[in-house]
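# Per-entry structural report
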Amino acid sequence: MKFGKTLAAATVAVMMSTGAMAQDIAVIAGSVEDAFMDKIKKGVDDATHMVEANGGSVQYLRTQNYENFGPDLVTLINQAVAQGVDGIAIPVWVPDAQIPALQAAAESGIKIMQYNSGLPVKADIGAINYFGSDEYEAGFGGGKYLAEKGAKHILCHIQVPGAINLEERCRGVTDGATEAGAKVTVLNTPANLDGDVTGTAEALKAEFIGDSSIDAMVSCADFGAAAGANAVEQTGLDIMVSAFDFSPASLERISAGTQTMAIDQQPYLQGFLATSMLFANLKFGTEISTDPVLTGPAIIDADNVEAVKAGAALGAR
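Here the structure is a predicted model, which is why all the values come from computation and not from measurement.

### Considerations on the overall build of the protein chain
Of the regular secondary structure elements, the protein chain holds twelve helices and twelve strands. A globule of 317 residues ought to have a C-alpha radius of gyration of about 20 Å, and the protein chain, at 22 Å, matches this closely. Considered along the principal axes of its C-alpha atoms, the protein chain spans approximately 90 × 40 × 35 Å. Across the 317 residues in the protein chain, those meeting the buried criterion constitute 52%.

### Considering the pairing of strand β5 (residues 130-133)
Judged from the two bridges that link them, strand β4 (residues 111-115) and β5 form a sheet pairing that is parallel. Counterpart to Q114 in the pairing with β5 is Y130. In this structure, β5 lies alongside strand β11 (residues 293-296), joined through three bridges in parallel fashion. Bridge pairing in β11 links G132 to L294.

### Describing the nonpolar core
Counting 68 residues, the largest nonpolar core has I28, M37, I88, I112, Y115, L146 and I154 as its most contacted members. With six residues, the single largest contributor to this core is helix α3 (residues 69-82). For I154, the residues in contact, after removing those within four places along its chain, are G143, L146, A147, V173, A177, A182, K183, V184, T185, A216, M217 and V218. Counting residues in each nonpolar core, the second largest holds 14 residues, with A201, M217, A227 and A243 among its members.

### Comments concerning the pattern of salt bridges
On inspection of all chains with the given rule, the structure shows eleven salt bridges. One salt bridge connects E135 with R169, and the closest N-O pair in it is separated by 2.9 Å. With a gap of 34 residues between them, E135 in helix α6 (residues 135-148) and R169 in helix α7 (residues 164-179) connect regions that are remote in the sequence. Residue class for E135 comes out buried when judged on its relative accessible area of 6%. Since its relative accessible area comes to 3%, R169 is described here as buried. With a closest N to O distance of 3.8 Å, D245 and R169 form a salt bridge. Within this pair, whereas D245 is found in the loop between β9 (240-244) and α10 (248-256), its partner R169 is found in helix α7, the two being separated by 76 residues in sequence. Residue classification places D245 among the buried residues on the basis of a relative accessible area of 8%.

### Things to note about helix α9 (residues 222-235)
The end-to-end C-alpha separation of α9 is 20 Å, in line with the 20 Å expected for 14 residues at 1.5 Å each. Summarising burial for α9: ten of the 14 residues are buried, a large majority. Within α9, the full set of buried residues consists of D222, F223, G224, A225, A226, A227, G228, A229, A231 and V232. Elements in contact with the buried residues of α9: β6 (153-158), α8 (197-210), β8 (216-219), β9 and α10. Looking one or two places after α9, you find G236, whose phi comes out positive at around 75 degrees.

### Quick word on the sheet that holds β4
Judged by pairing direction, the sheet is parallel, and its six strands sit side by side in the order β2-β1-β3-β4-β5-β11 without closing on themselves. With partners counted over all chains shown, the strands left at the sheet margins are β2 (57-62) and β11, one partner each. When strand polarity is set aside, the average angle formed by the axes of neighbouring strands in this sheet is 20 degrees. Lying on the sheet, helix α2 (residues 36-53) is in contact with β1 (24-29), β2 and β4; it crosses β2 at an angle near 165 degrees.

About the criteria used
Residues numbered from 1 in each chain as written. Predicted model: local features only at pLDDT ≥ 70, side-chain atom pairs only at ≥ 80, totals over all residues. Heavy atoms only, no water. Helix = DSSP H or I, 4+ residues; strand = E, 2+ residues; numbered from the N terminus. Rg over C-alpha atoms; globule rule 2.2 N^0.38 Å. Buried < 20%, exposed > 50% of the residue type's maximum accessible area, 1.4 Å probe, protein only. Pairing = 2+ DSSP bridges. Core = buried A, V, L, I, M, F, W, Y, C linked by side-chain atoms within 4.5 Å. Contact = heavy atoms within 4.5 Å. Salt bridge = Lys/Arg side-chain N within 4 Å of Asp/Glu carboxyl O. Expected span 1.5 Å × (residues − 1). Axes fitted to C-alpha atoms, helices over the stretch in contact; angles between N-to-C directions.

Rendered as structure tokens:
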């Protein structure tokens, strides 16, 4: 009996020092000015209820903007490490800056979960899994879709130059369109125009007026579709407008016929799964056998837009 009591006491001590201890994680995201990140945040917030119910905590860290993006992301990674988190969920947008910082975090014992961006460099940071879209495949499908709709010259708009996910999107658009017989021009606008519908519309107008062969555009951000629609309206040109991601306004444009399509990646699921699965791995040792877990892409157009609106109204699409 004495041995049994001693063993039981030792078991309780081990449980208290491992499974029963709190697991704290940081979820790092993009600019506080980026409405897309609010959809990620809803997923993170919903997953946080589960985390807190099991004794853990979640910090949601965002950059102020995209003008000093790589260094700002490294600052947030280092902040999370200094605060003693057990895990970090993060997209990889700027590999040259982020990879060394994330490798150092992993070497210190912090587990990394990847979401939203940077699938090609997942192995470099030793991430447990990836939750997001394959950006190249999303772009490929979008470029092919526009070409099959009749586009001959597509403008692909990048709002944060140098971001690997956006470059992969336009690379995919180029290959998909080329396979279907169209060509693509890539337009990089300055990072300080990110989210600026008026400024981006002026940049798009200049491209549309300067090259009359452009008959379609796809922006790597939802606000770019609003800018594109404004540019088309102001110039009176016949140009198909589309974008990666969407908002209630873009769904209304698709319904009205002033936007051709949007490419969805379900950011709510990215935030929810990255947060909950990182915590579950830390707390319970669970893993998902599917790797990566793709939340997109999916094309939203006139054929299915009404079905998407209900989820969008709840902030989860």
